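The chain contents come next:
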Amino acid sequence: MRWRTVATKGFRLKEQHKEYAVEKNTVIAGGMGELGLGIEGILRRAARALIEQAIEAEVAVLLEEFATVRMVDGRQAVVRNGHLPEREIMTALGPVPVKVPKVRDRSGSGIKFNSVLAPPYVRKSRTVAATVPWLYLHGVSSGHMQEALSILLGDEAKGLSPAVLGRLKAEWAQEYAHWQHRSLQGKRYAYWWVDGIYTNLRAEEDPRICLLVIIGVTAEGKKELVSVSDGLRESKASWLEILRDLQARGLETAPLLAIGDGAMGFWAALDEAYPETGQQRCWVHKTANILNELPKAQQSKAKAALQEIWMAANRQAAEKALDVFVRNYQAKYPKAVAKLEKDRAELLAFYDFPAEHWRHIRTTNAIESTFATVRHRTTRTKNCVSRSSFLGLGFKMLQQAEKRWIGIYAPEKVLQLFAGVKFIDGIPANLTLPDDQQTAA
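By the naming in an unreviewed UniProt entry, the protein chain is Mutator family transposase, taken from Acidithiobacillus thiooxidans ATCC 19377. What UniProt states about the protein chain under its Sequence similarities (unreviewed entry) heading is, verbatim, "Belongs to the transposase mutator family." Heading Function (unreviewed entry) of the UniProt record for the protein chain holds this comment: "Required for the transposition of the insertion element."

And the structure:
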């Protein structure tokens, strides 16, 4: 029996290479402002991993198709056989390296692997520039994969195999499941940023899906994705389930400080799971909530007054500035003042930590900058999605963002915190001066 030469059904990498070109980073992650990169740089970084993953899916489909074809001695006839030499495809975004796997037909029937994504001898892209805005908005969500590739590659991508798409979705889901069950034995975090993100994505049963995320700071001062799950942002039960799962996987030592919005049920869950963890309310969220209770004519002045609090050099000055705000706004705007006084202690918790870290721990900007991309790219997705697809997509975006997160300033201070050094107004307690000497200084 003779077998025909096979060109697998898949994307046509020809133009996709050009568009994305990443070095092992997958989806467009992290947001441009966070990385200091233009959209072209983000796309180049995001593309290569997607391309590699898609080509691997093409190969897997081919091998699966001929899995039953055997040699006389029982060996499989069609097998992998390394890779072709890497080549670059010049795109509007710059050169993109492409490395295509080889397949060997040991039966001599002429079976070959020709990637539809990366056909032989392709060197130049034709439709890259027009796809950049679309890809930034939609990324590589599974529900729009074929549409994205059609815009990127043209009519050639319309024959994209459902088997290839299905395999990619399954791979993302498997990656997430494996990561979600990793051991946390011996792990320790100095800080946690915690938040939930609502999107327009709809699940089959839930009216709206919320992605619950924890980002931590390790002993080395590096930012690390701790947990990604789904649930209700305001729900104590959802957050408690996440925290209990972290404990069950070995995270016995509580983080020193958690930073988040005061509206979440997370805080009640934290009190139950890790009661020793300090709490810091996000000043960005708190400022927005307070200003919502003020007329627009007063908001600019009030915002400056609030900034005087969280930018104060020490706790005493911050307390004084807070009292001034209360005195000035209590009579006319009691609701605004109530929102501030409600979390007085939690808003000033950062003074008990190194001053070099204040810029990181006064707000949830570390997590918000990443969420900006997730929100932006799910805003236009109206289709219902499965829970696994939603979690897989969210995980891949956050995972790739993690690769480019910048660590905190003065990481050596984390070890001091872990060693039990107490900080007063951002300075180690043994180095602080009496109040009268600080004033003189």
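> Outline the pattern of salt bridges, listing residues and values.
Applying the stated criterion across every chain, the model contains 14 salt bridges. For the salt bridge of Arg244 with Glu272, the shortest nitrogen-to-oxygen distance reads 3.5 Å. One end of the pair, Arg244, is in helix 7 (residues 236–248); the other, Glu272, is in helix 8 (residues 266–273), and 28 residues separate them in sequence.

> Outline the nonpolar core, listing residues and values.
Judged by nonpolar contacts, the single largest core of 53 residues is most densely connected at Tyr191, Leu225, Ile309, Phe325 and Leu340. Of the residues forming this core, the biggest block, six residues, is contributed by helix 11 (residues 315–329). Dropping the residues within four chain positions of it, Tyr191 is found in contact with Ile215, Gly216, Val217, Leu257, Ile259, Phe353, Pro354, His357, Ile361, Ile408 and Leu417. The next biggest cluster of nonpolar side chains, apart from the first, holds 23 residues, and it includes Leu184, Val226, Trp239 and Ala258.

> Can you break down the packing of helix 10 (residues 296–310) against helix 11 residue by residue, with the values?
Following both chains from N to C, one finds helix 10 and helix 11 inclined at 155 degrees, their axes separated by 7 Å at the closest point. It follows from the interaxial angle that helix 10 and helix 11 lie roughly antiparallel. On helix 11, the residues that touch Gln298, Lys301, Ala302, Ala305, Leu306, Glu308 and Ile309 of helix 10 are Ala318, Ala321, Leu322, Phe325 and Tyr329. Classifying every residue of the contact of helix 10 with helix 11 gives nine nonpolar, one polar and two charged.

> Account for the sheet that holds strand 5 (residues 191–198), with residues named and values stated.
Judged by pairing direction, the sheet is mixed, and its five strands sit side by side in the order 8-7-5-9-10 without closing on themselves. Either end of the sheet is taken by a strand with one partner, and the two such strands are strand 8 (223–231) and strand 10 (278–281). Within this sheet the neighbouring strands show an average axis-to-axis angle of 20 degrees, counted without direction. Where strand 5 meets strand 7 (residues 210–217), seven bridges bridge the pair, whose relative direction is antiparallel. Bridging across to strand 7, Trp193 finds its partner in Ile215.

> Which residues make up the side chain of Lys413, and what values do they have?
Examined against the element boundaries, Lys413 turns out to sit in helix 17 (residues 412–418). According to the relative accessible area criterion, Lys413 is buried, its value standing at 14%. Setting aside residues up to four positions removed in sequence, Lys413 forms contacts with Pro354, Glu356, His357 and Phe423.

> I'd love a proper account of the pairing of strand 7, names of residues and values included.
For strand 7, the tally of buried residues reaches eight of eight residues, placing the bulk of the element in the interior. Burial along strand 7 is two-sided: the residues Cys210, Leu212, Ile214 and Gly216 and Leu211, Val213, Ile215 and Val217 are all buried. The sheet contact formed by strand 7 and strand 8 spans eight bridges and is antiparallel. Note that in strand 8 the partner of Leu211 across the bridge is Asp230.

> Give a description of the layout of surface pockets that names residues and reports values.
Taken as a whole, the largest pocket encloses approximately 410 Å³ of empty space. As for the largest pocket, its lining consists of 20 residues, of which Arg359, Thr363, Thr364, Asn365 and Ala366 are closest to the centre. For the lining of the largest pocket, the secondary-structure elements that each account for two or more residues are helix 2 (32–35), helix 9 (283–291), helix 10, helix 14 (358–361) and helix 15 (365–378). In the lining of the largest pocket, the residues fall into six nonpolar, eight polar and six charged.

Here is what the cut-offs are and how they apply
Residues numbered from 1 in each chain as written. Predicted model: local features only at pLDDT ≥ 70, side-chain atom pairs only at ≥ 80, totals over all residues. Heavy atoms only, no water. UniProt positions renumbered as here; feature names shortened; annotations may be inferred. Salt bridge = Lys/Arg side-chain N within 4 Å of Asp/Glu carboxyl O. Helix = DSSP H or I, 4+ residues; strand = E, 2+ residues; numbered from the N terminus. Core = buried A, V, L, I, M, F, W, Y, C linked by side-chain atoms within 4.5 Å. Buried < 20%, exposed > 50% of the residue type's maximum accessible area, 1.4 Å probe, protein only. Contact = heavy atoms within 4.5 Å. Axes fitted to C-alpha atoms, helices over the stretch in contact; angles between N-to-C directions. Parallel < 35°, antiparallel > 145°, perpendicular 65-115°, else oblique. Nonpolar A, V, L, I, M, F, W, Y, C, P; charged D, E, K, R; others polar. Pairing = 2+ DSSP bridges. 1 Å grid on protein atoms, 1.4 Å probe; cavity = no way out; pocket = protein on both sides within 12 Å on 5 of 7 lines; lining within 4 Å. Points joined across faces, edges and corners; volume = space filled by probe spheres on them.

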